[in-house]
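Below are the chains, spelled out letter by letter.
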Amino acid sequence: MKIKVKEMPYEEVLKLPRLQHKMPMKPQAWLMAIVRLICISTLKKTKFSYTTERMDLIKDQPCLILMNHSSFTDMKLAYGIFYPKKMGIVTSVDAMSGILGKLMRLLGCTPTHKYITDISLIRDIKYMLEENKTSVLMYPEAGYSFDGRATTMPKRLGTLMKHLGVPVVTVITQGAFHRDPLYNMLQIRDVKVSAHVKCIATAEEVKEKTVEELDALLEESFSFDNFAWQRDNKISIDVPYRADGLHRILYKCPHCGAENEMEGKGITLSCHACGKQWTMDEYGQLSANDGETEYPHIPDWYTWQRECVKKELEEGTYRLDTDVDIMIQVNLDGVCNIGSGHLLHTEEGFRLTGAAGKLDYYQPPTFSHTLYADYYWYEIADVIGIGNNEFSYFCFPKEKVSVTKARLATEELFKMKRIRKKVK
C-alpha cells in the first residue's frame, strides 16, 4: 500500500485546508458486499477459522469490538468473522488518504490521529453505536505489533467502555503476525490464520464492573506472545527470508552492546561490529552460531533493549539527534514532502526543526504514552511520526537510527514523567 506524496514548500503547506470533521456514515451494504468478496481470496489462502466464547450473550446488539493489530490482513479477518454485521471502523488519518479514504468513509470508517487525545473520536464512536446502530471496530494498540506481543496501550480504556455502555468483544488472532510481520518488508508467508472472538463483558457487566476490572479483562485478552505461540505449537515457517529485516526489532547487540550495526538477512541475524551471528530457525527461535545464545526468544531480546533504554533515561544519557526528511499531513489529500530537517529526542521530549527555521515543533514527553513508529512506512522508509490534531509530521532518519528505540524511549519516558508528577 502506498500514499500520495506531493513536493511542496512549508509555506504552501501552511495554506492548505485543514481536515474538517465529518460525522461517521452508515456502512453501505453494497460496498460491504464488495469488500467481503475481495476478502475471500485471503481467507481461503490463510485457511482462516475462528472460535467464539460468550458471543451468544450479545445477539444483535451493537458492540465495541477490540482487535489486536498484526498486519494489513486484520481488516479482512474482521470481515470474515462479522459480515454481514455492520461495523463502523476507527482508522488512522494517513490510512484514509486519497480516493481510498472516500470509499472507506462509505464503508463506515472514521479517521483519527494515532496516539493523540481526540475528544471528537469518542463522540463519533457514540454516534456510530447510537445513531447509526452499528458496532464499532477499534484496534486499541493503534499500531502494528513489533515483537509479536501487544503494543503498549493507553491506560484506563475501561473508562471508555463505561462511557459507551455497550457489550465489549475482543478478537485475538493467531498466525496473522507470522503471515506478514512488519519487520519482514511485506514478504507474505504461507501461514494458517485463526482467531478467538470473545465477549469479555455484556452491557450489564460493563455497568456493574469497575474501570479497573474492565481494564484487567482487556489486559488479560491482550497478553499474547506470537513468537511463543509459534514455538509452543511447532508452527513451521521454513522460508529463506524469515530473518530479513529482523534488525528493525533487534537493533542492539547483546554480545558487544553496539547499536544499529545489526542486520537480518536470509535466516541469519548478524552484528557487523563484533561479527557474532544468530540463526533464526523455522519455529521463530534464535541460536548463536558460536558461543552463548543470549536471547533465543525474540521478545526477551526486545525486553532487554527496553531495560537498556530505561537505564539510559535514568542516567541522563539517552539522546536521538539526527537529520531527517520531513513529510507533513494536514488533510486527507496525501502527504507533503517539505525537504530536510532535524529531529532531536531527549528527556525533554521531541523537537523538530526545518524549512530554514520556519518549522519548529516541540512535543513534551507526557504528550503520548507511545510513539507512532513504523517500518517501511507506505513502502518509503522507516519513520517516526509526531504531531497534533492539526499537523502530522513524518520524519525519515537519514542516518543509522532505530525507530524502535525511539518508541521504547517514548514509552519509558512517559512512565517516568508520570510517576514523578504523581510523587509531586
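Everything below is about the structure shown above.
Before going into details, it helps to say that this report is about the structure given with it. (Residues numbered from 1 in each chain as written. Predicted model: local features only at pLDDT ≥ 70, side-chain atom pairs only at ≥ 80, totals over all residues. Heavy atoms only, no water.)

### Quick look at the pattern of salt bridges
Selection criterion: A side-chain nitrogen of Lys or Arg and a carboxyl oxygen of Asp or Glu constitute a salt bridge if their distance falls within 4 Å. Burial classification: accessible surface area is computed with a 1.4 Å probe over protein chains only, and a residue below 20% of its type maximum counts as buried, one above 50% as exposed, and the rest as partly exposed.
Evaluation of the coordinates by the stated rule reveals 24 salt bridges. A salt bridge links Arg319 to Asp321; the nearest nitrogen and oxygen atoms lie 3.3 Å apart. According to the relative accessible area criterion, Arg319 is exposed, its value standing at 52%. Looking at Asp321, the relative accessible area reads 37%, which means it is partly exposed. Among the charged side chains, a network of salt bridges with common partners joins Lys252, Glu259, Glu312 and Lys405.

### What to know about the state of the cysteines
Definition in use: By disulfide we mean two sulfur atoms from cysteines, separated by a distance within 2.5 Å.
Per the stated rule, a full pass over the model turns up zero disulfides. Free of any disulfide, Cys39 has its nearest neighbouring cysteine sulfur in Cys109, separated by 12 Å. With a relative accessible area of 2%, Cys39 lands in the buried category. Cysteine Cys271 is unpaired, with the sulfur of Cys274 as its nearest cysteine sulfur at 3.7 Å. The exposure class of Cys271 is buried, given its relative accessible area of 2%.

### Re unusual backbone geometry
Just so we agree on the cut-off: For the purposes of this entry, the term helix denotes a DSSP run of H or I that reaches at least four residues, the term strand denotes a run of E that reaches at least two, and both are numbered from the N terminus.
With an omega of 10 degrees, the peptide bond between Tyr83 and Pro84 qualifies as cis. Tracing the sequence through the fold places Pro84 in the loop between helix 3 (74-82) and strand 4 (87-92). Although it is not a glycine, Lys47 sits at a positive phi angle of roughly 50 degrees. Along the chain, the position of Lys47 falls in the loop between helix 2 (29-45) and strand 2 (49-53). Even without being glycine, Tyr378 reaches a positive phi, approximately 45 degrees. For Tyr378, a relative accessible area of 14% corresponds to the buried category.

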